[in-house]
Amino acid sequence: MKNFKAFLYFFVLSGVFGLTSIYVRENFNKPFSSLDTADIIRAIMAGLVEVVCIFLVYDTFSRFKEISKVKKNILIFVGIFSSIFYFLYLVGVYLQ
């Protein structure tokens, strides 16, 4: 059960990180001088979400001490790639 819980944490955190990256890439393709105050605030908030996700992945990695490092690395690897496929599928369905 601990393995599944750690996998879900890695899955959700990497998915949120990926969705935030997609949002930033799609909405901020214009020059920096043409951004207004609301755009800059949204970019800062998206950056904060990404930094928080990175810290939470590190915290999750260090919290589950009963799981070996090899298993945690495998869970991170599988969680990242499965969240990439899952969330890109959701984004693709949403955009059609």
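Cut-offs used in this document
- Residues numbered from 1 in each chain as written.
- Predicted model: local features only at pLDDT ≥ 70, side-chain atom pairs only at ≥ 80, totals over all residues.
- Heavy atoms only, no water.
- Helix = DSSP H or I, 4+ residues; strand = E, 2+ residues; numbered from the N terminus.
- Contact = heavy atoms within 4.5 Å.
- Core = buried A, V, L, I, M, F, W, Y, C linked by side-chain atoms within 4.5 Å.
- Buried < 20%, exposed > 50% of the residue type's maximum accessible area, 1.4 Å probe, protein only.

All right, on to the environment of Phe61 then. Locating Phe61 in the fold gives a position in helix H2 (residues 37-63). Here the alpha-carbon distance between Phe61 and Asn73, two residues 12 residues apart in the chain, equals 8.6 Å. The contacts of Phe61, once residues within four sequence positions are left out, are Phe10, Lys69, Lys72, Asn73 and Ile76.

Attention now moves to the nonpolar core. Counting residues in each nonpolar core, the largest one holds 10 residues, listed as Ala6, Phe7, Phe10, Phe11, Phe61, Phe64, Ile67, Leu75, Ile76 and Phe87. Listing elements by their share of this core, those giving two or more residues are helix H1 (2-27) and helix H3 (69-95). It is H1 that provides the largest number of residues to this core, a total of four residues. Here Phe10 is in contact with Val57, Thr60, Phe61, Lys72, Leu75 and Ile76, once residues within four sequence places are set aside.

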